[in-house]
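# Observations on the three-dimensional arrangement
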Amino acid sequence: IWRAFAQNLRLKLSDFRLAGVDTLREPFQLLKPRSSSAHLLENKLSFGIDDQAVDASVQLELVVGGDQSPLATNNVMDLHIGVPSIEVLAVLFATVSESRFMQMPLRDVLNFHCWLSMIPQSALNVGAAIPVFDMLLGGGMLPKTSCVSCSNGMLNDLNTIIDFLNANDFIDIIQSRGLSILSDLMQSDFMRGKIDGQLSKSAAQCPSDPKFGILLEQIGTPYRATRDLVDTIIYAGMVVVETITIIYAQKHTSVAPPVNITLDMLVPDDAQLIDLTDLSSVASWADMALAEGKSYLGGMVETDNGDNVLGISSLLSSVLDDDGLMTFPLADQNHGFEAGGVKLLLVDVSLVGLDSFEVFDVLNTTDPNTFSNKIKLETIGVNLKMELSVGENADPEMVTVALTMKDVEIDVGLGVAMDQDLLGSLRLGSIINTSHIFFCILSAIHSAGLSEFMMQIGDISEFSISGFISDETNKQIQSITKAVFTNYKQMIVDAIPAFTSTTIRPILHEILQVLMDMGKGSQCPEPDNSLEGLVDIRDLFLSESRALALLGRGNSPYGDLFRSLYSVLDRMMSATDENGMPEMNSLIATLTERQSNVEGDIHFRGDLFSQNIDVALNGLNAKIDIALSDLRISNIDSLGAPIKLLQPMMGESSAVNNSVSIGVGEDALRTSFTLKVNGEGDEVQVNNELELGISLKSMDMMLELIAEVQEYQFLHFPLKDLLNMDCWLSTVVTPILDKYGMRVDEADSGIVLRELAWAVAEARIDLNCIACSSPLLLDMTSYVSSQQGID
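Structure report, in brief. Everything quoted here is computed from the prediction, not taken from an experiment. (Residues numbered from 1 in each chain as written. Predicted model: local features only at pLDDT ≥ 70, side-chain atom pairs only at ≥ 80, totals over all residues. Heavy atoms only, no water.)

Take the overall build of the protein next. The helix and strand tally for the protein stands at 19 helices and 25 strands. The dimensions of the protein, computed from C-alpha atoms along their principal axes, are 145 × 60 × 55 Å. Across the 791 residues of the protein, 38% fall into the buried class. In the protein, the share of contacts with a sequence separation of at least 24, taken over all contacts with a separation of at least 6, comes to 70%. (Helix = DSSP H or I, 4+ residues; strand = E, 2+ residues; numbered from the N terminus. Buried < 20%, exposed > 50% of the residue type's maximum accessible area, 1.4 Å probe, protein only. Contact = heavy atoms within 4.5 Å.)

It is worth spelling out helix H5 (residues 189–204) at this point. When the terminal C-alpha atoms of H5 are compared, their 23 Å separation across 16 residues agrees well with the 22 Å that a helix rising 1.5 Å per residue should span. The inward-facing, buried residues of H5 abut helix H2 (112–117), strand S7 (128–138) and helix H4 (170–186). (Expected span 1.5 Å × (residues − 1).)

Bridge count between strand S2 (residues 25–33) and strand S3 (residues 40–47): four bridges; the pairing is antiparallel. When the sheet's bridge partners are listed, Pro33 is paired in S3 with Leu41. Hairpin geometry of S2 and S3 is characterised by an intervening segment of six residues between the two adjacent antiparallel strands. (Pairing = 2+ DSSP bridges.)

On to the sheet that holds S7, then. Spatially, four strands are ordered S2-S3-S6-S7 in an open sheet, and the strand pairing comes out antiparallel. The open sheet has two edge strands with one neighbour each: S2 and S7. Sheet twist, expressed as the average angle between the axes of neighbouring strands with direction ignored, equals 15°. (Axes fitted to C-alpha atoms, helices over the stretch in contact; angles between N-to-C directions.)

In this fold, Asn43 is placed in strand S3. Excluding its chain neighbours within four sequence positions, the residues that come into contact with Asn43 are Gln29, Leu30, Leu31, Val88, Leu89, Ala90 and Leu92.

With that settled, the discussion passes to a negative patch on the surface. A cluster of like negative charges, contributed by Asp355, Glu358, Glu378 and Asp407, occupies part of the molecular surface. Structurally, Glu378 can be placed in strand S15 (residues 370–390). Residue classification places Glu378 among the partly exposed positions, given a relative accessible area of 42%. (Patch = residues over 30% accessible without salt bridge, like charges linked within 9 Å, V, L, I, M, F, W, Y side chains within 5 Å. Areas by Shrake-Rupley, 256 points an atom, 1.4 Å probe, with all protein chains shown as cover. Salt bridge = Lys/Arg side-chain N within 4 Å of Asp/Glu carboxyl O. Lys, Arg positive; Asp, Glu negative; His and termini not counted. Charge placed at Lys NZ, Arg CZ, Asp CG, Glu CD.)

Take the packing of helix H3 (residues 158–167) against helix H6 (residues 227–252) next. Across the interface, H3 lies against H6 with an axial gap of 11 Å and an inter-helix angle of 145°. Where H3 crosses over H6, the handedness of that crossing is right-handed. Each of Leu158, Ile161 and Leu165 in H3 lies in contact with H6, whose residues at this interface are Val239, Thr243, Ile246, Ile247 and Gln250. Grouping the constituent residues of the contact of H3 with H6 by class yields six nonpolar, two polar and no charged. (Left-handed = near helix turned anticlockwise from the far one by under 90°. Nonpolar A, V, L, I, M, F, W, Y, C, P; charged D, E, K, R; others polar.)

The next thing to look at is the packing of helix H7 (residues 286–298) against helix H15 (residues 584–596). Across the interface, H7 lies against H15 with an axial gap of 11 Å and an inter-helix angle of 140°. On the basis of the axis angle, H7 is oblique to H15. As H7 packs across H15, the resulting crossing turns out to be right-handed. Counting all contacts with H7, which are made through Met288, Ala291, Glu292 and Ser295, the residues of H15 involved are Leu587, Thr590, Leu591 and Arg594. Here the residues of the contact of H7 with H15 are counted per class, giving four nonpolar, two polar and two charged. (Parallel < 35°, antiparallel > 145°, perpendicular 65-115°, else oblique.)

The next point concerns unusual backbone geometry. The residue after Glu26, namely Pro27, is reached through a cis peptide bond having omega 0°. Residue Pro642 follows Ala641 across a cis peptide bond; omega there is 0°. Note that Pro642 resides in strand S21 (residues 640–649). Phi is positive for Leu31, close to 55°, though the residue is something other than glycine. Structurally, Leu31 can be placed in strand S2. Judged by its relative accessible area of 46%, Leu31 is partly exposed.

On to the nonpolar core, then. Residues Val230, Phe357, Phe360 and Ile457 are the most contacted members of the largest nonpolar core, which totals 64 residues. When neighbours within four sequence positions are excluded, Val230 is seen to be in contact with Ala225, Val342, Leu388, Val390 and Phe468. Leu423, Met516, Val709 and Phe714 belong to the second largest nonpolar core, which has 46 residues in total. (Core = buried A, V, L, I, M, F, W, Y, C linked by side-chain atoms within 4.5 Å.)

In this section: the sheet that holds strand S8 (residues 142–150). Strand order in the open sheet formed by four strands is S1-S4-S5-S8, with antiparallel pairing between adjacent strands. The strands lining the two open edges of the sheet, one partner per strand, are strand S1 (8–19) and S8. Across the sheet, the axes of successive neighbouring strands diverge by a mean angle of 20°, strand direction being ignored. Bridge count for S1 against strand S4 (residues 54–65) is 10 bridges, and the pairing is antiparallel. What sits directly across from Arg10, in S4, is Val63.

The next subject is the state of the cysteines. Evaluation of the coordinates by the stated rule reveals four disulfides. A sulfur-sulfur distance of 2.0 Å marks the disulfide that ties Cys114 to Cys206. Its S-S torsion of about 105° marks the bond between Cys114 and Cys206 as right-handed, since a negative value means left-handed. On the criterion of sequence distance, the pair formed by Cys114 in helix H2 and Cys206 in the loop between H5 and H6 is long-range, its members being 92 residues apart. Exposure remark for Cys114: the relative accessible area of 1% places this residue in the buried category. Judged by relative accessible area, which is 0%, Cys206 ranks as buried. Through a disulfide, Cys769 is tied to Cys772; the S-S separation comes to 2.1 Å. Of note, the bridge from Cys769 to Cys772 carries an S-S torsion of about -100° and is left-handed in sense. (Disulfide = S-S within 2.5 Å.)

So, in structure tokens, the structure goes:
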């Protein structure tokens, strides 16, 4: 993934210089014994005079490389920190062996290691340490920068940002905290361990020491970070992020967002690509399904509490918590680090604002390989939660970093060269876990990329961190953030379109290429070949706990795809409108209107069946033509509550229960068709064309069905056969039949209609003669429409 940002990174510090060392002044003390102790030496150094400050400088080289990297930069800068005056106070504790001191050979007087070897390693009241250390910077730190060669021209003006940070006390706060941390470090057990290590090395390098030439491995006290240090790092880190944001915003202020980016699609010559403008090549209903899906996701729907929201918001509501957050748990993936007694663990990432969609216009085809998408949200943001602890036995504390933006518009152009054959060859068992679907689809794509990605925002409402940090640090972060918002927020907001389109789009494009490589590798799994029994419908449709309650396995052997789809179906079946009618009727009305232009009707025009029959029976010789045409089923959107479809049953792995009411309400369910019967023979000539219909009022139906589906065939089912009913039936156990076509052995195998019951409140047959030569049909027309015929 990191190669999407840059192919290489080089950070180099060189040419360190320290000027003003010759400004040493009074008071000056070096190794002055303290009158109250035999082993304490006081030291005090003062630097800096009126016209000459102490100045430290270093040259920083920052190179971000890569031919296509949007972050590519090559900068060499001089960093300077000037301090008008410095005072260092240090008290050294050192115990020196008298015998070693008295017996020291004169030849070793100039050997620094021999002097150190006289000090024994730390023990009770012996050894060396720094019990007191303090540093004072008179006049504060005065940082400044200058570009030696900078490809990012905005770095020439970095001193302006430094002045801004200085004016808002950042430099003073970092100076105060840094000196305090340095003092703690010099007096810590870690530093004593370092001193002991140096004493051991010195003994090995002093010819007159008994340990000369013997270098023992020293196991010193490991460094343990303090809470103040971590607190300061968090404070500095927040300010650094804000500073980098300002620099990038300045860089993109005068940049115009690119338009009409052409993607270079690498596709084999013999590949059969899916034409996104005509999905009928994939399935006859695919265009309609896509249009319906877009209409639902981008249209208004009414929620259970009566609110009107976009369909995408309604769909996502089931996966959002009470605060409207979509949370991705990450604690089990061990994203974090542990060092110096500090433990940081990424707990979860939450997306904010997925319940605030205002526009969701997606999957609009601009050419055979490109989708354009436009999304608008009232709010979008991210919350990053981490567990942080400092110390071996410290309890972890939750840290939350939050970024929230308002009035967000996102335009995305996605180019896809998807291979129809590769997509069709994917197996159902490879995608039954929703986490695998993305990578499996990527494996069927030859080339993909982002031709457009531009974000516009109205405001940045929050950038904050909470938890762990002290109240003082929290106030300091809020203060500097408020100042950044006051001085730079509008510039940052205005730069977002150019930044996202010129910098973020190439990064996301490269990430997509990495993900495609992962999809073509091992990220799209093969079906589980160990499953060779019968599909357990309880485990297929239900959660682990519900499946176990119905005596299923309860271990999700078939992933979560069908479970998620069944959950959506279950919600649709249970949802009702203000009249107590199932909301599924609205979906049926919309789908049927696309087929017949009439809500609730399905109309199959033209001939559905025709047959020529020659009759020779008891002296009757005739030729009869029978034709069935113009089938119409009306008022399908008249389902009544409750609806129960494909409900798994207790203790049965392959049985489902179904119950439904249809023809509920004012209008009955009606089926009609045109029947033509023409006959001609000896002394017989019949020409009848009539419209025959049956209306069913409030029909209740209950059905128990057994469907024994083989696991291996089900999991290896290719996607290209999804619409082939014969292929689905081939996954079912084939019952054993005798020579008469009757089942033998186990009767309830394969597909079995085990129970069927239905009741109709009223049934009416409609017969309308269009052209009837048979008088009996004319009589039947009036009879079937009478009350006697209905009864």
